[in-house]
Amino acid sequence: MQKKSNLTTLCYIEKDGKYLMMHRVKKENDINKDKWVGIGGHFEADESPEECLLRESLEETGLTLTSFKLRGVITFLCDRWQTEYMFLYTADAFEGTITECSEGSLEWIDKEQVYSLPVWEGDKIFFRLLETGQPFFSLKLRYVQDVLTEAVLDGKKIK
């Protein structure tokens, strides 16, 4: 079996002041088990970030994104898995109908409510960056177990 790529995409589809989010409750041995996350996943061989984004969106939601924007690159470090480089997108237009997802339950969540859900601590940092319309950013997040121990935004330590 080929090792998963450490390149991933994550997308928050936006509509009416809400994000389409996935409650990760369906897979065993899931690093995101019981957390709320956006949609996305690992690059397949020779994919560009946009190809990965569009494929993962269609696979996980049944939606074809028609308007999306790369907002940042996030470097995840953790003592429990390989370093991951994630391309973070938002999307504001799509075609199709939401389908059942094998990885979790999809739900439209008010943007203000995301902070009260079980999400990764570092996700709250990039939610604030998205909210404030921060131009393209680079965010490095270091975890020990599930605890965020370091956050570096555009080369400057913030935690």
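This text follows the structure it describes.
Residues numbered from 1 in each chain as written. Predicted model: local features only at pLDDT ≥ 70, side-chain atom pairs only at ≥ 80, totals over all residues. Heavy atoms only, no water.

Visitor: Describe the side chain of Asp-123, naming the residues involved and giving the relevant values.
Guide: Examined against the element boundaries, Asp-123 turns out to sit in helix 2 (residues 121-131). We classify Asp-123 as buried; its relative accessible area is 3%. The residues touching Asp-123, leaving out its near neighbours within four places in the chain, are Tyr-12, Trp-36, Phe-76 and Tyr-143. (Helix = DSSP H or I, 4+ residues; strand = E, 2+ residues; numbered from the N terminus. Buried < 20%, exposed > 50% of the residue type's maximum accessible area, 1.4 Å probe, protein only. Contact = heavy atoms within 4.5 Å.)

Visitor: Which residues make up the environment of Glu-56, and what values go with them?
Guide: Along the chain, Glu-56 turns up in helix 1 (residues 49-61). According to the relative accessible area criterion, Glu-56 is buried, its value standing at 8%. For the pair Glu-56 and Phe-137, spaced 81 residues apart in sequence, the C-alpha to C-alpha distance is 22 Å. If near-sequence neighbours (up to four positions away) are discounted, Glu-56 is found in contact with Thr-9, Gly-40, Gly-41 and His-42.

Visitor: Can you explain the pattern of salt bridges? Please cite residues and give values.
Guide: A pair can form between side chains of opposite charge whenever their charged atoms are brought close. If you walk through the whole model with that rule in mind, you get 9 salt bridges. Linking Glu-59 and Arg-55 is a salt bridge whose minimum nitrogen-to-oxygen distance equals 3.3 Å. Taken together, the positions of Glu-59 and Arg-55, both in helix 1 and 4 residues apart, correspond to about one turn of that helix. Connected via shared salt-bridge partners are Glu-44, Glu-47, Arg-55, Glu-56 and Glu-59. (Salt bridge = Lys/Arg side-chain N within 4 Å of Asp/Glu carboxyl O.)

Visitor: Outline the nonpolar core, supporting the account with residue identities and numerical values.
Guide: Counting 27 residues, the largest nonpolar core has Tyr-12, Met-21, Ile-74, Leu-88, Phe-126, Leu-139 and Leu-141 as the members making the most contacts within it. Residue assignment for this core shows that the elements contributing at least two residues are strand 1 (7-15), strand 2 (18-23), strand 5 (64-78), strand 6 (81-95), helix 2, strand 8 (137-144) and strand 9 (147-153). With 5 residues, helix 2 is the single largest residue contributor to this core. If near-sequence neighbours (up to four positions away) are discounted, Leu-88 is found in contact with Leu-10, Tyr-12, Lys-69, Leu-70, Arg-71, Gly-72, Ile-74, Phe-126, Leu-130 and Phe-137. (Core = buried A, V, L, I, M, F, W, Y, C linked by side-chain atoms within 4.5 Å.)

Visitor: Outline the pairing of strand 5, listing residues and values.
Guide: Pairing of strand 5 with strand 6, which is carried by 12 bridges, proceeds in the antiparallel orientation. The residue bridging Leu-65 from the neighbouring strand is Phe-94, located in strand 6. When strand 5 meets strand 8, the two strands line up parallel, connected through 7 bridges. Each bridged residue has a counterpart across the sheet, and for Phe-76 the counterpart in strand 8 is Leu-141. (Pairing = 2+ DSSP bridges.)

Visitor: Provide a residue-level description of the state of the cysteines, including the pertinent values.
Guide: Scanning the entire structure with this criterion turns up 0 disulfides. Between Cys-11, a cysteine without a disulfide, and Cys-52, which holds the nearest cysteine sulfur, the sulfur-to-sulfur distance is 11 Å. (Disulfide = S-S within 2.5 Å.)

Visitor: Could you give an account of the environment of Ser-67, with specific residues and numbers?
Guide: As for its placement among the helices and strands, Ser-67 is situated in strand 5. For Ser-67 and Met-86, which are 19 residues apart along the polypeptide, the C-alpha to C-alpha distance reads 19 Å. Among residues more than four places away in sequence, those in contact with Ser-67 are Ala-91, Asp-92 and Ala-93.

Visitor: Run through the pairing of strand 1, naming residues and quoting values.
Guide: The pairing of strand 1 with strand 6 spans 7 bridges and is parallel. Its bridge partner being in strand 6, Leu-10 is matched across the sheet by Leu-88. Direction of pairing for strand 1 relative to strand 2: antiparallel, over a ladder of 3 bridges. Residue pairing across strands places Lys-15 opposite Lys-18, the latter belonging to strand 2.

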